[in-house]
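# Inside the fold
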Amino acid sequence: MGHFRGYSEALWVVLVTLARMGMCQFGSQCEEIKIPMCRNMPYNLTRLPNLLHHSTQENAQLAVDQFELLRWTKCSDQLEFFLCAMYAPICTREFLSEAIPPCRSVCESARRGCEPLLARFNISWPANLACNALPLYDRGVCITPEAIISSDSAPRQEAEDVPCECRTARKLRQRLYKAKKFHYVLGATVKSVDTFGGLTLTTVKITDVVRAGRVLILAGADTHLWTNRSCACPPLEPNKNYLILGWEDFANSRLLYVEGSVSVPYRKRIARKIKGWEASIAPVTEAPTTLTTRSYPDFSFQLYPHSMHVGNSNRKPKRRRDRRKKRRKGRRKNRKRRKSKKNGNGDEI
């Protein structure tokens with residue numbers, strides 16, 4: 001009987017240990033990655049709180065989404081892995097007490113590629129992502145992309161960007177302008193053209209605003225044109241004046257200079273021609289019920305059909321109607337007068 005009791009106690013200890021291991025591996029500490037940016041990571045389980053003390057993946061996603069635009073630029077091929085290793089760290093059965101951080105070399109590679117781009121907008125590298133706080137590969141527990149990607153599961157490397165080869169640009173004509181539906185048309189002087197990984201950032205000084213969309217464009221101000229490749233087409237050379245036609249990313253308040261954009265040497269006659277094209281395709285706006293000359297001082301001929309007039313000129317049609325009514329009334333009186341004379345002379349009516 002004592003042997004049986006000892007055997008049952010030992011079996012109970014084994015079952016409890018296995019249950020605890022299963023809970024640790026698939027229970028409350030490890031959970032499936034739900035952050036969209038990190039779903040392509042070479043692991044699919046993460047643990048919370050993460051290395052930045054977020055207790056839920058929803059909070060972690062709100063924090064990591066601020067780097068979405070930086071990830072879009074492809075300023076570093078290590079940036080995405082580094083961010084996910086910080087905000088959605090890998091969860092393994094061997095290390096359950098604390099999250100495994102990325103190695104310092106991963107952080108330094110991401111910082112080296114993306115910090116110059118941040119500096120262009122006077123943004124410093126985040127203090128909570130300091131590289132010197134992370135362990136070295138040979139002096140602590142940390143992960144790198146090479147350490148957890150096997151030869152079978154390794155993703156194919158993307159082909160390197162080919163040298164900047166632009167297609168032959170089409171001539172700027174009214175049919176092309178209407179078909180492309182450009183958001184902005186501006187005259188600008190190119191100040192610099194910089195490449196950051198898969199992003200080309202062109203800094204220009206605006207000299208003339210021919211057409212503006214929803215993104216604010218001011219003449220005399222500097223702005224950036226964003227190109228999602230390592231070269232801009234058609235090419236823009238520094239210290240030259242161009243008339244640039246492109247689209248905008250209103251959600252991020254950016255002017256895009258992507259494939260299909262147009263740039264020609266700046267000429268005032270071309271700018272005037274585009275303004276004429278824009279006026280010909282602009283929708284006609286109905287006149288408001290109350291309209292004064294002060295409300296629309298110089299644009300009445302563009303906003304309204306020729307039959308409409310601004311201000312006190314609306315009285316002219318009314319005076320014409322009054323004159324017509326007066327003439328008709330006079331004619332009726334004359335007919336009655338003639339009839340009354342015939343009756344007085346004994347003639348038949």
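Look up: the structure comes first, before these words.
First things first, this report covers the structure right here in the doc. Keep in mind the model is a prediction, meaning the values are calculated, not measured.

This paragraph deals with the environment of C114. Looking at the secondary structure, you find C114 in helix α5 (residues 104-120). Remark: the alpha-carbon pair of C114 and R71, spanning 43 residues in sequence, is separated by 9.2 Å. The contact partners of C114, leaving out residues within four places of it in the chain, are L70, C75, S76, L79 and W125.

Moving on: the pattern of salt bridges. Evaluation of the coordinates by the stated rule reveals nine salt bridges. The salt bridge involving E115 is made with R111; its shortest N-O contact spans 3.2 Å. Residue E115 and its partner R111 are both found in helix α5; the two are separated by four residues, about one turn of the helix. Across the salt bridge formed by D194 and R120, the nearest N and O atoms sit 2.2 Å from each other. Taken together, the residues span a long stretch of sequence, with D194 in strand β3 (residues 184-196) and R120 in helix α5 at a distance of 74 residues. D194 gets classed as partly exposed once you look at its relative accessible area, which sits at 24%. Here R120 falls in the partly exposed class, since its relative accessible area comes to 30%. Three or more residues are tied together by salt bridges with common partners; here these are E68, R71 and E80.

Moving on: the packing of aromatic side chains. Inspection of the entire model under this criterion finds six aromatic pairs. Between F67 and Y87, the aromatic rings sit 6.3 Å apart at their centres with planes inclined by 55°, giving tilted as the arrangement. Taken together, the residues F67 in the loop between α2 (57-64) and α3 (68-72) and Y87 in helix α4 (residues 79-87) connect sequence positions 20 residues apart. Summarising the burial analysis for this pair, F67 and Y87 share the class buried. With a centroid separation of 5.8 Å and an interplanar angle of 50°, the aromatic rings of Y177 and W277 are classed as tilted. Here W277 lies in helix α8 (residues 268-281) and Y177 lies in helix α7 (residues 174-180), a separation of 100 residues in the sequence. Across the pair, W277 and Y177 agree in class, each one buried. Joined through ring pairs, the aromatic side chains of Y177, F182, W247 and W277 make up one cluster. Of note, R214 hangs over the ring of F250, and the distance from its end group to the ring centre comes to 3.9 Å.

Of the strand pairs in this sheet, strand β4 (residues 199-211) and strand β5 (residues 222-227) are connected by six bridges, and their pairing is antiparallel. Within the sheet, the bridge partner assigned to K205 lies in β5 and is D222.

Right, let's talk about α5 for a bit. For α5, built from 17 residues, the straight-helix expectation of 24 Å at 1.5 Å per residue is met to within 8% by its first-to-last C-alpha distance of 24 Å. Where α5 is buried, its residues touch α3, α4, α6 (145-148), β3 and β4.

Across all of its chains, the model carries six disulfides by this definition. A sulfur-sulfur distance of 1.8 Å marks the disulfide that ties C30 to C91. On the sign convention where negative is left-handed, the bridge of C30 and C91, at about -65° about the S-S bond, is left-handed. Taken together, the residues C30 in strand β1 (residues 30-32) and C91 in the loop between α4 and α5 connect sequence positions 61 residues apart.

All right, on to the nonpolar core then. F82, L83, Y87, L129 and I274 are the most contacted members of the largest nonpolar core, which totals 57 residues. Mapped onto this core, the elements with two or more residues apiece are α2, α4, α5, β3, β4, β6 (241-249), β8 (262-265) and α8. With residues near it in sequence (within four places) discarded, F82 still touches P102, V106, C107, A110, W125, L129 and L134. By size, the runner-up hydrophobic cluster in this structure holds 15 residues, among which are V190, I206, L225 and A232.

Looking only at α2, the buried set comprises Q57, A60, A63 and V64. Buried residues of α2, viewed axially, fall in a sector of 120°; they line one side. Along α2, exposed side chains directed more than 90 degrees from the buried face belong to E58 and L62. Where the residues of α2 are buried, they touch β1, β2 (45-47), α3 and α4.

Parameters at a glance
- Residues numbered from 1 in each chain as written.
- Predicted model: local features only at pLDDT ≥ 70, side-chain atom pairs only at ≥ 80, totals over all residues.
- Heavy atoms only, no water.
- Helix = DSSP H or I, 4+ residues; strand = E, 2+ residues; numbered from the N terminus.
- Contact = heavy atoms within 4.5 Å.
- Salt bridge = Lys/Arg side-chain N within 4 Å of Asp/Glu carboxyl O.
- Buried < 20%, exposed > 50% of the residue type's maximum accessible area, 1.4 Å probe, protein only.
- Phe/Tyr/Trp six-rings, centres within 6.5 Å; stacked < 30°, edge-to-face > 60°.
- Lys NZ or Arg CZ within 6 Å of the ring centre and 35° of its normal.
- Pairing = 2+ DSSP bridges.
- Expected span 1.5 Å × (residues − 1).
- Disulfide = S-S within 2.5 Å.
- Core = buried A, V, L, I, M, F, W, Y, C linked by side-chain atoms within 4.5 Å.
- Arc of directions from axis to C-beta.

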